[in-house]
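Listed here are the chains, written in short residue letters.
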Amino acid sequence: MATPVKIGIDVGGTKVFTLVLDAATRKILARTKADTPAGLKFDEFAAFLAAQAAQTLAEAGSSAADVQHIGVAVPSSVDPATGVILHSPALGWKNLPARTPLEKAFGRPVLLDNDVNCGVLAEARLGAGRGSASVVGFFVGTGLGGGIVMDGKLIRGLRGSAGEFGHTVVRSNGRKCGCGKRGCLEAYCSKTAFGRRFERLIEKRGMKSCLPELLKDETFRNVRSKVLAKAYRRGDPVVCNVLDKGADMLGIGVANVMATLAPACVVLGGGVMEALGTDLLPFVRRSAEAHLFGLGPKDLNLKLAEFGDDAVALGAALLDEA
Ligand SMILES: [Zn+2]
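All values derive from a computational prediction rather than experimental measurement.

Reading guide: rules and limits
Residues numbered from 1 in each chain as written. Predicted model: local features only at pLDDT ≥ 70, side-chain atom pairs only at ≥ 80, totals over all residues. Buried ≥ 20, exposed ≤ 12 C-beta atoms within 10 Å, placed from the backbone. Helix = DSSP H or I, 4+ residues; strand = E, 2+ residues; numbered from the N terminus. Pairing = 2+ DSSP bridges. Domains from an automatic or database assignment. Nonpolar A, V, L, I, M, F, W, Y, C, P; charged D, E, K, R; others polar. Axes fitted to C-alpha atoms, helices over the stretch in contact; angles between N-to-C directions. Parallel < 35°, antiparallel > 145°, perpendicular 65-115°, else oblique. Left-handed = near helix turned anticlockwise from the far one by under 90°. Contact = placed C-beta atoms within 7 Å. Core = buried A, V, L, I, M, F, W, Y, C linked by C-beta atoms within 7 Å.

Draft legend 1. Here's a closer look at the pairing of strand β9 (residues 134–140). Of all seven residues in β9, six are buried; the element is thus mostly enclosed. Where β9 folds back onto strand β10 (residues 144–150) in an antiparallel hairpin, the turn is made up of three residues. Taken together, the five bridges between β9 and strand β12 (residues 265–269) define a ladder with parallel strand orientation. Across the sheet, the residue bridging to Phe 138 is Leu 268, located in β12.

Draft legend 2. Layout of the domain arrangement of the protein chain. Taken domain by domain, the protein chain holds domain 1 (5–122 + 311–321) and domain 2 (130–305). Taking only C-alpha atoms into account, the centre of domain 1 sits 26 Å from that of domain 2. Where the side of domain 1 that touches domain 2 is concerned, the elements lending two or more residues are β5 (78–79) and α3 (115–126). Per-class residue counts for the side of domain 1 that touches domain 2 are seven nonpolar, four polar and two charged.

Draft legend 3. Spotlight on the environment of Leu 91. Structurally, Leu 91 is set in the loop between β6 (84–88) and β7 (93–97). The exposure class assigned to Leu 91 is partly exposed, which follows from the 19 C-beta atoms found within 10 Å. Along the sequence, Leu 91 and Ala 262 sit 171 residues apart, while their C-alpha atoms lie 34 Å from each other.

Draft legend 4. A look at the packing of helix α6 (residues 225–233) against helix α8 (residues 271–290). Contact geometry of α6 with α8 gives a least axis separation of 8 Å together with a crossing angle of 20°. As the angle between them shows, α6 and α8 are arranged roughly parallel. The handedness of the crossing between α6 and α8 comes out as right-handed. For the pair α6 and α8, contact is made by Ser 225, Lys 226, Leu 228, Ala 229 and Tyr 232 and by Gly 271, Val 272, Glu 274, Ala 275, Leu 276 and Asp 279, respectively.

Draft legend 5. Inspection of the nonpolar core at higher detail. Counting 98 residues, the largest nonpolar core has Ile 9, Val 72 and Val 254 as the members making the most contacts within it. The element that contributes the greatest number of residues to this core is helix α7 (residues 237–261), accounting for eleven residues. In terms of domain composition, this core takes at least three residues from each of domain 1 (5–122 + 311–321) and domain 2 (130–305). When sequence neighbours within four positions are dropped, the list of residues in contact with Ile 9 reads Val 16, Thr 18, Leu 49, Gln 52, Ala 53, Val 72, Ala 73, Ala 313 and Ala 316.

What follows is the structure in C-alpha cells.
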C-alpha cells in the first residue's frame, strides 16, 4: 500500500533543499539539494521547484498520488491570507504573488511561509521543543530570524510579520542594522554583524587575530560558521569578544521574549548556533537570567535546535498542520 507523504521545500538564497516526509511515521524518506537558479521569471522558478519535488519523490519511491501536502519556505515574510512574498532581498523578490504560480506548477494547493517560522515549527513539533505547548525560536545565521509557536500553532501576526526578533531594539541609538535602523538585535548577533565588527577591529584598528589566516576564499562578512568556531575555540581574543557580546545581546532578546510571551521552551538554531551553540549557550543563558522578570532561571528552558539543515524544509512539510 502506498504511504501518504508530505513535501517540504526550503528555498534559500544559494540552495534549495527538498525533502519527502512520511506523513505517519515522520521519517524523512528522501532529500535533495540544488543550487538556487538565478535570473528566472517566477513561473519558471516554480517549475524548477516542481521538478525538484518530482525528483525527490522518485528517490523516496513515492508518486504524486501519495502527496498529502506541499509546503514552501522562503526567506521573507509571507502574507498568509494572499500568499504574497513581501520582501526577500536574498532572492530579489518584492510583493510577489507567489502562491498562484506555485499551485499552477505543482497542480496542487501549496502553503507558503517564512523560513524561520518553518524551522521553529519543526523544532516545536518534532525537535528540541517537542512536548512544550509554547515554543519560541531564534535562528542565528547571516541574519537573525525568529518564530513563535503557541499551543502548536504558528503565530504569524499582521501580514506574516510576527517573530522578527532580529529587529527588536536592544540598544537605543546602537549599531547600524542592515534594515537601516539602529540598535536592532541583528546588528549585534548575526554573521553579518560579526563580519562588520571583524572589519572594524582587525582591518581598521589592527587588532591581532587568527581569523585572517583561517579565511580561504571568504571575507569577514561571509565567513563560515565552522571557521568562526575554530577561531573561537582557539581562544582568539577578537572572535571571542565579538561572539560573546553577540550572545550577551541574544540573551537580552530571549529575556524580552520571556517577558512578552513566556514560552515553555526557547530554541536557539541556525548555522551559528549549530557550530557554536554549546560554547555560546552559557553566555546567552547568563544574560537572559540577568534580565528575567517575574520568572526564575528554572523557568528558562533554553535548548539548541536538533535538525540543522533539515529544519526549514521539515517545517515546510508540516505547514498543513500549523
Ligand atoms: Zn534591523
